[in-house]
Each structure stands twice: as structure tokens, then as C-alpha cells.
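A closer look at the structure
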Amino acid sequence: QVQLVESGGGLVQAGGSLRLSCAASGIIFRVNHMGWYRQAPGKQRELVAFITTTGSTNYADSVKGRFTISRDNAKSTVNLQMNSLKPEDTAVYYCNVVPSKPELWGQGTLVTVSS
């Protein structure tokens, strides 16, 4: 069964840090570009960071310099280290391949940043 399971969200004060993890199963992880997406209340889902099969990374301007994406192909996991969090980072965070596939959206993990 193809599945992506996110974890690591929570409530944090502005300026704090969180580390999100995504565990993949049922896909050939190493051949996929992987991304972290987020959807804030009332907004469309957006791609905030992705990492290619070769380890190259790319970030949305809004998170550049604060977030770091990494992957472990042996464990089929992709992580997102989030530092210097801001209230505007509040959202449900999801992982998916890049470009995303509808059937891979999971439940996501909620990140709430208080001011």
C-alpha cells in the first residue's frame, strides 16, 4: 500500500523550531523528488521545499534561510527542519512527491506558531 505519513507538528512560540518527518512506504522512494507542502487556513496548498533524487534543494522565498529539507533514502524518509518560525508559518504540512500525486496526500501534521 502506497502511503506517506507525516509527524512532528505541534504548537510552538514565534522564533522556535520544529522538525517534521515523513515516512514513505509502497513507493520507490529513491527515484522520486520529494517535497513538503503546506496549507494555511483559507489558502491554497503551496510547495515550500523540495529535494531532488540527487539531493539538490529548493525553497520558497518565504522560508528560505529558515527551513532545511533533507532525505534518507535508506529509511525512505524526508525531513523538514524549521527554525525561526513565524505565525505565518501556521498551517497543515504535508509531504508528497514532486510534482505531487493526488493519491499520495496524507493527513498532514499541524504546525501552529503563536505570537
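For clarity, every value in this text was computed on a predicted model and none was experimentally measured. Numbers given for residues are sequential positions, taken from 1 along each chain in its written order. The model is predicted, so local features are restricted to residues of pLDDT at least 70 and side-chain atom pairs to those at 80 or more, both for listing and for counting; the totals for chains, interfaces and linings are taken over all residues. Excluded from the side-chain calculation are hydrogens and water; included are all heavy atoms of the structure.

Below, the discussion takes up unusual backbone geometry. Cis geometry is found at the peptide bond from Val 98 to Pro 99, where omega equals -5°. Secondary structure follows DSSP: runs of H or I at least 4 residues long count as helices, runs of E at least 2 residues long count as strands, and numbering of each begins at the N terminus. For Pro 99, the position within the fold is in the loop between strand 9 (91-97) and strand 10 (109-114). The phi dihedral of Ser 76 is positive, around 55°, even though this residue is not glycine. For every residue, the accessible area obtained with a 1.4 Å probe (protein chains only) is divided by the maximum for its type, and the residue is called buried under 20%, exposed over 50%, and partly exposed between those limits. Taking relative accessible area as the criterion, Ser 76 reaches 18% and is therefore assigned buried. Notably, Ser 84 is not glycine yet its phi reads approximately 50°, a positive angle.

Let us look at the pattern of salt bridges. Criterion for a salt bridge: a side-chain nitrogen of Lys or Arg within 4 Å of a carboxyl oxygen of Asp or Glu. What the rule picks out here adds up to four salt bridges. For the salt bridge of Lys 64 with Asp 61, the shortest nitrogen-to-oxygen distance reads 3.1 Å. Through salt bridges that share partners, Arg 38, Glu 46, Arg 66 and Asp 89 make up one connected network.

Here we take up the sheet that holds strand 10. Think of it this way: DSSP has to see at least two bridges between two strands before they count as a pair. Across the sheet, six strands lie side by side as 2-10-9-4-5-6; this open sheet has mixed pairing. The open sheet has two free edges, formed respectively by strand 2 (10-13) and strand 6 (57-59), since each of these has just one partner strand. Across the sheet, the mean angle separating the axes of adjacent strands is 25° when strand polarity is ignored. One ladder, built from four bridges, connects strand 2 with strand 10; its direction is parallel. Its bridge partner lying in strand 10, Leu 11 is registered against Thr 112. Geometry is summarised by axes, namely lines fitted to C-alpha atoms with helices restricted to the contacting stretch, and by angles between N-to-C directions that run from 0 to 180 degrees.

Glancing now at the side chain of Thr 77. Following the sequence through the fold, Thr 77 ends up in strand 8 (residues 77-82). Apart from the residues lying within four places of it in its own chain, the contact partners of Thr 77 are Cys 22, Ala 23, Phe 29, Ser 70, Arg 71 and Asp 72. Contacts are assigned to residue pairs that have any heavy atoms within 4.5 Å of one another.

Reading across from one edge, 1-3-8-7 is the order of the four strands in this open sheet, with antiparallel pairing throughout. Pairing within the sheet leaves two strands with one partner each, and these edge strands are strand 1 (3-7) and strand 7 (67-72). Here the average twist between neighbouring strands, direction ignored, is 15°. As judged from the six bridges shared by strand 7 and strand 8, these two strands associate in the antiparallel manner. Within strand 8, the position partnered with Asp 72 by the bridge is Thr 77.

Our focus in this paragraph is the pairing of strand 8. Counting buried positions along strand 8 yields five of six residues, so the element is predominantly enclosed. Where strand 3 (residues 18-25) lies against strand 8, six bridges are found, and the strand directions are antiparallel. Its bridge partner being in strand 8, Leu 20 is matched across the sheet by Leu 80.

Our next topic: the environment of Gly 15. By the element assignment, Gly 15 lies in the loop between strand 2 and strand 3. On a C-alpha basis, the gap between Gly 15 and Met 82 in space is 9.9 Å, while along the polypeptide they are 67 residues apart. Setting aside its immediate chain neighbours within four residues, Gly 15 contacts Ser 84 and Leu 85.

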